[in-house]
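Chain and residue survey
The primary structure of each chain is shown beneath.
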Number of protein chains: 2
Amino acid sequence: MMQSENSVEDSLHIRKLEVTDKEKGFIELLRQLTVCDSVSDEKFKERFEEIAKYGDDHCICVIEDVRSGKIVATGSVFIEKKFVRNCGKAGHIEDVVVDSSARGMQLGKRIVEYLADHAHSMGCYKVILDCTEENRPFYEKCGFKKKEIQMVKYFV
Amino acid sequence: MMQSENSVEDSLHIRKLEVTDKEKGFIELLRQLTVCDSVSDEKFKERFEEIAKYGDDHCICVIEDVRSGKIVATGSVFIEKKFVRNCGKAGHIEDVVVDSSARGMQLGKRIVEYLADHAHSMGCYKVILDCTEENRPFYEKCGFKKKEIQMVKYFV
């Protein structure tokens with residue numbers, strides 16, 4: 001059977017994070033984003049369950065390449081309940097990363113669109129994220145506009 | 001009795017939001033920040049209870065001027081549970097506002113420090129917020145540094 005471009009894309013399944021994704025390279029993928037030491041199975045399960053308690057208010061999505069059984073992209077969004085905007089809700093997108101071997105296939109765009117759609121379906125009036133100036137053109141292609149600046153205070 | 005500066009500051013009590021704060025001008029205060037129509041008592045109570053379910057993971061603090069019984073400053077922080085940073089946590093500060101009649105008394109700083117301390121005590125490795133370039137010097141005085149840019153997508 002001929003391997004067409006379609007069949008490659010067909011093997012890239014987007015879905016919510018499952019507890020078995022640790023075995024599929026989820027933590028190694030996050031390591032391409034920021035500091036992330038190896039996490040024990042127990043600690044992973046505990047954090048997975050803590051997040052699962054929030055239900056649709058905290059959604060982590062992944063793209064699995066079902067040919068290799070590896071997670072090749074991920075991102076998360078959580079829904080903040082506010083009093084402003086008439087008791088509105090805001091979606092916060094965090095920790096978007098695409099595996100270095102899987103770049104150029106629009107996987108980042110699929111992740112961000114999935115997360116933004118989730119926030120929209122949850123009734124958010126907006127979805128926000130912080131990124132480097134370098135990643136701004138990517139997020140503009142995803143329909144985002146620059147608004148404010150991000151400030152940070154580290155405790156460690 | 002002489003009204004000293006101390007007694008004015010003594011009357012400004014910082015604490016967590018209570019459901020009765022709606023009657024103390026909490027919504028009117030938020031209106032100085034962004035769009036916030038009048039909220040029914042029922043809707044306010046419903047949202048208050050939704051947020052209360054998160055316990056210490058979503059903390060809204062207020063400063064009440066006990067002389068007038070009015071809420072004169074507020075801000076919120078919620079704790080995001082992550083997998084990165086060895087299953088770390090990040091605090092997100094949102095919706096900080098000081099009543100226009102109560103500026104110049106460092107109430108904003110008290111609010112931000114209260115929220116950052118809360119995030120720290122909850123085990124966060126960092127606390128972040130988005131603000132305008134105009135408000136950057138204020139947050140620098142609170143110990144924050146500029147990091148990234150904020151991108152937004154509105155649904156309404």
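Here the structure is a predicted model, which is why all the values come from computation and not from measurement. (Residues numbered from 1 in each chain as written. Chains lettered and ligands numbered in written order. Predicted model: local features only at pLDDT ≥ 70, side-chain atom pairs only at ≥ 80, totals over all residues. Heavy atoms only, no water.)

1. Considering the packing of aromatic side chains
- Applying the stated criterion across every chain yields a total of twelve aromatic pairs over all chains.
- Aromatic side chains A:Phe26 and A:Phe44 sit 6.1 Å apart centroid to centroid with 75° between the ring planes, which places their arrangement in the edge-to-face category. Of this pair, A:Phe26 sits in helix α2 (residues 26-30) while A:Phe44 sits in helix α3 (residues 41-52); the two residues are 18 residues apart in sequence, bridging distant segments of the chain.
- Note on A:Phe44: relative accessible area 1%, which makes it buried.
- When the centroid spacing of 6.0 Å and the interplanar angle of 75° are considered together, the rings of B:Tyr139 and B:Phe144 count as edge-to-face. In terms of burial, B:Tyr139 and B:Phe144 fall into one category: buried.
- Joined through ring pairs, the aromatic side chains of A:Phe26, A:Phe44 and B:Phe83 make up one cluster. (Phe/Tyr/Trp six-rings, centres within 6.5 Å; stacked < 30°, edge-to-face > 60°. Helix = DSSP H or I, 4+ residues; strand = E, 2+ residues; numbered from the N terminus. Buried < 20%, exposed > 50% of the residue type's maximum accessible area, 1.4 Å probe, protein only.)

2. Observations regarding the interface of chain A and chain B
- At the interface, 65 residues of chain A touch 65 residues of chain B.
- Interface of chain A and chain B: buried area, both sides summed, is about 6400 Å²; carbon and sulfur atoms make up 60% of it.
- Taken as a group, A:Phe83, A:Met151 and A:Phe155 account for 15% of the area that chain A buries against chain B, more than any other trio of residues on that side.
- The tally of links between chain A and chain B comes to four salt bridges.
- With a shortest N-O distance of 2.9 Å, A:Glu94 and B:Lys82 are connected by a salt bridge.
- Remark: the boundary between chain A and chain B carries 36 residue pairs in polar contact (both at pLDDT 80 or more).
- Among the elements that take part in the side of chain A that touches chain B, strand β6 (residues 145-154) of chain A stands out by supplying ten residues, more than any other.
- Of the residues contributing to the side of chain A that touches chain B, the split by class is 33 nonpolar, ten polar and 22 charged.
- Relative to strand β6 (residues 145-154) of chain B, β6(A) runs antiparallel, the two being bridged by five bridges. Bridge pairing in β6(B) places A:Lys145 opposite B:Val152. (Contact = heavy atoms within 4.5 Å. Buried area = accessible area lost by both parts, 1.4 Å probe. Salt bridge = Lys/Arg side-chain N within 4 Å of Asp/Glu carboxyl O. Polar contact = N/O pair within 3.5 Å; in protein donor to acceptor, adjacent residues only side chain to side chain. Nonpolar A, V, L, I, M, F, W, Y, C, P; charged D, E, K, R; others polar. Pairing = 2+ DSSP bridges.)

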